[in-house]
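Reading the structure
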Amino acid sequence: MKIIKVKDYEELSARAAEIVAELVQRKEDACLGLATGGTPLGMYRKLIEKHRLGEISFKNVSTFNLDEYCELEKTHPQSYHHYMRTNFFNHVDIEMDKVHLPEGDTADHEAAAQRYNQLLKEARIDLQVLGIGSNGHIGFNEPGTPFSQETFVVRLAEKTRNDNKRFFNSLEEVPEHAITMGINNILQAEAILLLASGKSKAEAIHKLIKGGMTEEFPASALKNHKNVTVIIDEEAASLL
Ligand code: F6R
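Read on for an overview of the structure. (Residues numbered from 1 in each chain as written. Predicted model: local features only at pLDDT ≥ 70, side-chain atom pairs only at ≥ 80, totals over all residues. Heavy atoms only, no water.)

Focus on the sheet that holds strand β9 (residues 191-196)
Operational definition: Only when DSSP finds a minimum of two bridges between them are two strands counted as paired. The secondary structure listing takes helices from DSSP runs of H or I that are at least 4 residues long and strands from runs of E that are at least 2 residues long, numbered from the N terminus.
Strand order in the open sheet formed by 7 strands is β1-β10-β9-β6-β2-β3-β5, with parallel pairing between adjacent strands. The sheet is open, and its two borders are formed by β1 (2-5) and β5 (99-100), each paired with just one other strand.

Right, dumping it as structure tokens:
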């Protein structure tokens, strides 16, 4: 794993956006794996800026998001469909038929997971962007998930629902299930870029960098991958 230590969130966002932009400039039909959550928001803002300055076009880019909550309508303010539109897609020239997220709002979640898995098998993700949960999850692969796991319907860990309740009015509103790419899907990406910022990620980053490989800590699966870059700020690196 290549570790890039930066000062703060601003610098982390800039470095991440540079890596994505460099790929899209080099390969105009790049396939990006995208994440939601608080961490990549700054990266999306910087990519939008670069697009406005005419430095990058997403016209031929295709995307696959890691995950989506079950039971939320696509228009729900906390759905990842809504997040991606408002924080990124609506502000760049991407073509929406090249954008993919799991369909968490369909009646049959298992079938939706299988369909997404099939799409992933037919695609080739050039760069997968990841955040990391405070419990080490990547996507919504919670501790104990086999490294061989493919796209599935997951029951979210209480830790994750608690971490994410800041985006909702109450814990009760946080969905109990999500559809997520499995760890094995994530590992198929050509390159992986994991971002971590802030003290709340320090313990997870310590385990990722200093610890061994164990299914109890899902992000440790990345040690199996040949091209992983981790960008961490000073607070996330504070226990190293
Ligand atoms: C998001 C995702 C999650 C988040 C993780 C960190 O699509 O799959 O794994 O990356 O929960 O979230 P934040 O960035 O909000 O701390």
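So much for the structure itself; the text now carries on.
So, the packing of aromatic side chains
Test applied: Ring geometry is summarised as follows: Phe, Tyr and Trp rings, the Trp one being its six-membered ring, pair when their centres sit within 6.5 Å, and such pairs are stacked at plane angles under 30 degrees, edge-to-face over 60 and tilted between the two. A simple rule labels every residue: compare its accessible area, found with a 1.4 Å probe on the protein chains alone, to the largest value its type can have, and call it buried under 20%, exposed over 50%, or partly exposed in between.
Under the defined criterion, the tally for this structure stands at 10 aromatic pairs. Taking 5.8 Å as the distance between ring centres and 80° as the angle between the ring planes, the aromatic pair formed by Y69 and F168 counts as edge-to-face. Note that Y69 is positioned in strand β4 (residues 67-69) and F168 in the loop between α5 (158-164) and β8 (177-180), a separation of 99 residues in sequence. Arranged with centres 5.8 Å apart and planes meeting at 45°, the rings of F88 and F89 form a pair that is tilted. In this structure F88 comes out as buried when scored by relative accessible area, which is 1%. On the basis of relative accessible area, F89 is assigned to the buried category, the value being 3%. Among the aromatic side chains, those forming a connected cluster through ring pairs are Y44, F58, Y69, Y80, Y83, F88, F89, F140 and F168.

Comments concerning the environment of I3
The test is simple: Every residue pair with non-hydrogen atoms within 4.5 Å of one another is taken to be in contact.
Tracing the backbone through its elements, the reader meets I3 in strand β1. Note on I3: relative accessible area 33%, which makes it partly exposed. Here the alpha-carbon distance between I3 and T229, two residues 226 residues apart in the chain, equals 5.9 Å. Once residues lying within four places of it in the same chain are set aside, the contact partners of I3 are I209, V230 and I232.

Observations regarding the environment of H81
Along the polypeptide, H81 turns up in helix α3 (residues 80-87). The spatial distance from the C-alpha of H81 to the C-alpha of P102 is 8.9 Å, given a sequence separation of 21 residues. With near-sequence residues (within four places) excluded, H81 lies in contact with E68, K74, L101, P102 and E103.

Notes on the pairing of strand β3 (residues 62-65)
As a reminder, the rule being used: By convention a crossover is right-handed if, when the strands point away from the viewer, the path from the first strand over the helix to the second runs clockwise.
The side-chain alternation of β3 yields two buried faces, one formed by S62 and F64 and the other by T63 and N65. Two strands pair when backbone bridges link them, and strand β2 (residues 31-34) and β3 are joined in this way by 4 bridges, in the parallel orientation. Note on β3: the bridge partner recorded for L32 is T63. Since β2 and β3 lie parallel, the crossover through helix α2 (residues 41-52) that links them has a hand, and here it is right-handed. In the sheet, β3 pairs with β5 via 2 bridges, with the strands oriented parallel. Bridge pairing links F64 to H100 in β5.

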